[in-house]
Amino acid sequence: MTHSKRHTSHKKELYYLVCILSVLVILILSFMGPGGYRDLRRARLELQEQRMRVDRLTQENAERMLEIEKLRGDPNALEQYARKKGFGRPDEIIQTLPEKPASGKR
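Reading the values: rules and limits
Residues numbered from 1 in each chain as written. Predicted model: local features only at pLDDT ≥ 70, side-chain atom pairs only at ≥ 80, totals over all residues. Heavy atoms only, no water. Helix = DSSP H or I, 4+ residues; strand = E, 2+ residues; numbered from the N terminus. Rg over C-alpha atoms; globule rule 2.2 N^0.38 Å. Areas by Shrake-Rupley, 256 points an atom, 1.4 Å probe, with all protein chains shown as cover. Lys, Arg positive; Asp, Glu negative; His and termini not counted. Charge placed at Lys NZ, Arg CZ, Asp CG, Glu CD. Polar contact = N/O pair within 3.5 Å; in protein donor to acceptor, adjacent residues only side chain to side chain. Salt bridge = Lys/Arg side-chain N within 4 Å of Asp/Glu carboxyl O. Buried < 20%, exposed > 50% of the residue type's maximum accessible area, 1.4 Å probe, protein only. Axes fitted to C-alpha atoms, helices over the stretch in contact; angles between N-to-C directions. Parallel < 35°, antiparallel > 145°, perpendicular 65-115°, else oblique. Contact = heavy atoms within 4.5 Å. Patch = residues over 30% accessible without salt bridge, like charges linked within 9 Å, V, L, I, M, F, W, Y side chains within 5 Å. pLDDT = per-residue confidence, 0-100.

Along its length, the protein chain carries 3 helices and 0 strands. For the protein chain, the sequential pattern of α-helices and β-strands runs α-α-α. Radius of gyration (C-alpha) of the protein chain: 36 Å, far over the 13 Å computed for a compact globule of 106 residues. Taking the principal axes of its C-alpha atoms as reference, the protein chain extends roughly 120 × 40 × 15 Å. When the accessible surface of the protein chain is totalled, it reaches about 11,000 Å², and 59% of it is carbon and sulfur. One way to put it: in the protein chain the 21 positive side-chain charges average out to a point 15 Å from where the 14 negative ones average out.

If you want it as structure tokens, here you go:
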């Protein structure tokens, strides 16, 4: 009688061991496997970087649109922009000076 009790006890132990190992394998695969937690975290970081890039580009676009509107409506702004690009009036002589070298470099 003690022999059969020990035999069922081993079956229960084996059953519990298989259950625990199954749960551990599932947990490991959910963290490390394809589409797991690491991939999800990486995708979230990439999405955050892309959103920051889109925000930055949207802001740059808005600034450029304001500059375009200024150039369309303000003759002084248009003249200032043209002078930065090296243009002048027909009777003007334009002298350009070399840019100053960066500090610390000779």
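The subject of this paragraph is helix α3 (residues 75-84). Regarding α3, its N-cap is Asp74, as a side-chain oxygen of that residue lies 3.3 Å from the backbone nitrogen of Asn76 further along. Count one or two residues on from α3 and you reach Gly86, which has phi positive near 95°.

Take the pattern of salt bridges next. Close approach of charged atoms lets side chains of opposite charge pair. A full pass over the atoms with the stated rule returns 6 salt bridges. Note that Glu60 is salt-bridged to Arg56, the shortest N-O span being 3.5 Å. Note that Glu60 and Arg56 are positioned in helix α2 (residues 37-73) at a spacing of 4 residues, about one turn of the helix. Given the relative accessible area of 28%, Glu60 is considered partly exposed. What makes Arg56 partly exposed here is its relative accessible area of 43%. Salt-bridge contacts for Arg72 lead to Glu69; the nearest nitrogen and oxygen are separated by 3.4 Å. One end of the pair is Arg72 and the other is Glu69, both in helix α2 and 3 residues apart, which spans about a single turn.

Working note: a packed helix pair is described by the angle between its axes plus the distance between those axes. Where α2 meets α3, the axes come as close as 5 Å, and the angle between the chain directions of the two elements is 110°. Relative to α3, α2 is oriented roughly perpendicular. For the pair α2 and α3, the contacting residues are Glu67, Lys70, Leu71 and Gly73 in the first and Pro75, Ala77, Leu78 and Tyr81 in the second.

Moving on: a nonpolar patch on the surface. Together, Leu14, Leu17, Val18, Ile20, Leu21, Val23, Leu24, Leu27, Ile28, Phe31, Met32 and Tyr37 make up an exposed nonpolar region whose accessible area comes to about 1,200 Å². With respect to the element layout, Met32 can be found in helix α1 (residues 2-32).

Now for the confidence of the model for the protein chain. Predicted coordinates in areas of low pLDDT are best not read in detail. Per-chain confidence: the protein chain averages 85 in pLDDT, with 91% of residues scoring 70 or above. Here α1 is the element of the protein chain with the lowest mean pLDDT, 82, and α2 is the one with the highest, 94.

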